[in-house]
Amino acid sequence: MNDCENITVTEFYLTPFSTSRINEILIFTGFLCMYLLAVVGNLIIIVLVCSAPQLHTPMYFFLCNLSSVDVIYVSAILPKMLSIIRTDYKMISFSDCFAQLYFFMFCAITDNYILTCMAYDRYVAICSPLHYFLIMTKKVCLVAANSCFTISAVNTLIFTLLMSRLSFCNSHKINHFFCDIIPLLALSSSDTQSVKIILSVEDFIGIFNFLFILTSYVRIISTVVNIRASSGQLKALSSCSSHILTVLLFYGPSIFMYLKPEYGDSKDQDKILSLLYVAVVPMLNPFVYSLKNKEVIVAAQKV
């Protein structure tokens, strides 16, 4: 552990992508479009769910919360990245960096919890349809959603405060396009053992939630198989298809990132994979739920 008492970090240096100016313009245009599509698409979902009475159900209530988090998600990271590409000014202040880290972690953890709640909602709807509205009451949904946001906010605040107390005197150059956890830990000259323990606990919770979702769908599939009418099977599966796609989009890049081997150009691949769950997934979620769901399409036509 190095002595950094006389060194005060005021800003970090971000390194998004090493490429030509023409490619930077193409990247800027592409991610500007993705940012606008993500924000507009998720805002449309929020407006539809709030204004259409036929969408006032637990599934769409959680979808509305998911869309709200995704708007914050992309807005915390992409505008700064677009600004760096446009102006070539790659500095970010210490406070802005950890504010970005806070919102990134908060949104990622909250998405994890909300997807778990949505999996439980689909499990109850298909495996216990007669008790669905007795179990998934308005009060239960509100408590579940508030718990998701509160737990995520408290956990992320504690983690971010611990991260901000680390010393950064060896280097201020973050090899990423935003203030992510791993690049910041790599820069720190302090003992990061306590931070890594908390991060391991968060990873364990994320894995537990993912296993809960898998278990829910194992039970759902076993229930669907026992439905005699093929029309009933298709109806049950169609009500889960949007959520299944969203889960695959959310967990897929993260699982691949943790399982892939480390080698020379892995840092560039990490940036690309990060773009998938930071930009691409929030942009695709509204399309998944609108194109795969007749209720959303009908509500959009009426509104």
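- Per an unreviewed UniProt entry, the chain is named Olfactory receptor, and its organism is Eleutherodactylus coqui.
- Check the Subcellular location (unreviewed entry) section of the UniProt entry for the chain; it says "Cell membrane".
- Listed under Sequence similarities (unreviewed entry) in UniProt, the entry text for the chain is "Belongs to the G-protein coupled receptor 1 family."

Let's talk about the pattern of salt bridges
A side chain with one charge can pair with a side chain of the opposite charge if their charged atoms come near.
Next up, step 1: Tallying each qualifying case throughout the model produces 1 salt bridge.
Next up, step 2: Here Asp-121 and Arg-122 are joined by a salt bridge, their closest N and O atoms 2.9 Å apart.
Next up, step 3: With relative accessibility at 8%, the residue Arg-122 sits in the buried group.

Brief notes about the state of the cysteines
Next up, step 1: Under the criterion given, the structure shown has 1 disulfide.
Next up, step 2: For Cys-97, the disulfide goes to Cys-179, at an S-S distance of 2.0 Å. On the sign convention where negative means left-handed, the S-S torsion of about -125 degrees between Cys-97 and Cys-179 marks this disulfide as left-handed. Pair noted here: Cys-97 is in helix α3 (residues 94-127) and Cys-179 is in the loop between β3 (173-174) and α6 (181-187), with a separation of 82 residues, a long-range link. We note that Cys-97, like Cys-179, is buried.
Next up, step 3: In this model Cys-50 remains outside any disulfide bridge; the closest cysteine sulfur is found in Cys-64, 4.2 Å from its own.
Next up, step 4: According to the relative accessible area criterion, Cys-50 is exposed, its value standing at 52%.

Definitions and limits used
As a convention, each chain's residues are numbered from 1 in the sequence order in which they are written. The predicted nature of this model means local features are confined to residues of pLDDT at least 70 and side-chain atom pairs, given and counted, to a pLDDT of 80 or more, with totals for whole chains, interfaces and linings taken over all residues. For the side-chain quantities, the full set of heavy atoms in the structure was used; hydrogens and water were omitted. UniProt positions are given in the numbering used here, feature names are shortened, and annotations may be inferred rather than shown by experiment. Put simply, a salt bridge is a Lys or Arg side-chain nitrogen that is within 4 Å of an Asp or Glu carboxyl oxygen. Burial classification: accessible surface area is computed with a 1.4 Å probe over protein chains only, and a residue below 20% of its type maximum counts as buried, one above 50% as exposed, and the rest as partly exposed. Count a disulfide wherever a pair of cysteine sulfur atoms falls within 2.5 Å. The helix and strand labels rest on DSSP assignments: H or I over at least four residues marks a helix, E over at least two residues marks a strand, and numbering proceeds from the N terminus.

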